[in-house]
Amino acid sequence: REMFPKVGKGSVKPGDTWEVPHEIAMPKLGKMKGKTAFRYVGPDKVGDRQTAKIEVTTDTSMELDIDMDGTKVTGKIITYSATGTLELDVAAGRVLSNQSTVSMGGTLNVNVNGMDIPIQNEQTMKSAVEYLEKLPD
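Bear in mind that the values here come from a model prediction, so they are computed numbers and not experimental data.

Conventions and cut-offs
- Residue numbers run consecutively from 1 along every chain, following the written order of its sequence.
- pLDDT decides what is reported in this predicted model: residues at 70 or higher carry local features, side-chain atom pairs at 80 or more are listed and counted, and totals for whole chains, interfaces and linings draw on all residues regardless.
- The side-chain values count all of the structure's non-hydrogen atoms but skip hydrogen atoms and water molecules.
- What counts as a helix is a DSSP run of H or I of at least four residues, what counts as a strand is a run of E of at least two, and both are numbered from the N terminus.
- Partly exposed describes any residue whose relative accessible area lies between the buried limit of under 20% and the exposed limit of over 50%, with all areas from a 1.4 Å probe on protein chains only and scaled to the type maximum.
- Whether two aromatic rings pair depends on their centres lying within 6.5 Å, for rings of Phe, Tyr and Trp, where Trp uses its six-membered ring; planes under 30 degrees apart make the pair stacked, over 60 edge-to-face, and the rest tilted.
- At least two bridges found by DSSP between two strands is the condition for calling them paired.
- Lines fitted to the C-alpha atoms define the axes, with helices restricted to the stretch that makes contact. Angles between their N-to-C directions range from 0 to 180 degrees.

Trainee: Requested: an account of unusual backbone geometry, with residues and values cited.
Mentor: Residues other than glycine predominantly adopt negative phi, and peptide bonds predominantly adopt the trans conformation. Of note, the phi angle at D69 is positive, near 50 degrees, even though the residue is not glycine. Examined against the element boundaries, D69 turns out to sit in the loop between strand 3 (49-68) and strand 4 (71-89). A relative accessible area of 83% places D69 in the exposed class. Phi at N113 is positive, roughly 50 degrees, even though this residue is not glycine. In this structure, N113 sits in the loop between strand 5 (94-112) and strand 6 (115-130).

Put into structure tokens, the structure is as follows:
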């Protein structure tokens, strides 16, 4: 979602915000729902390219319901914090840089052969994606 922000038609000015809700059915896994909020910070630069800097926050929950080979996993995982920054090359119509940090967690219940095993899951993921003109040598 964050790699391809929906910016709509027309212009935006620094400080403008918009939200994109999402609800995704994941067959045999469960469902995910939430929203992604975007805030246009203003013009910026990446190297010598003019960009539009956009801040991103995401609020998502995943309800898991997996039943495979005698094992059933249920539970809910939510985002505690999910923030990032996009640098959008408006002239080329592509994202030049996407940096984000996501912290999420929750309690899962794993049932194997009638035995319930609660699992507490917490994780923080950091990612950085940059557009390259060509592959490095």
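Let's pick the thread back up.
Trainee: Help me get a handle on the packing of aromatic side chains, residues and values and all.
Mentor: Per the stated rule, a full pass over the model turns up one aromatic pair. Each ring, one from W18 and one from F38, has its centre 5.7 Å from the other, and the planes form 20 degrees; the classification is stacked. Within this pair, whereas W18 is found in strand 1 (residues 17-26), its partner F38 is found in strand 2 (residues 30-46), the two being separated by 20 residues in sequence. Each member of the pair, W18 as well as F38, is classed as buried.

Trainee: Before we move on, can you summarise the sheet that holds strand 1 with the specific residues and values?
Mentor: Taken together, the six strands give an open sheet; going across it, the order is 1-2-3-4-5-6, and neighbouring strands pair in antiparallel fashion. Each of the sheet's edge strands pairs with one partner strand only, and the pair in question is strand 1 and strand 6. Strand after strand, the sheet turns through a mean of 15 degrees between neighbouring axes, direction not considered. Pairing analysis gives 16 bridges linking strand 5 to strand 6, with the strands arranged antiparallel. What sits directly across from N98, in strand 6, is V129.

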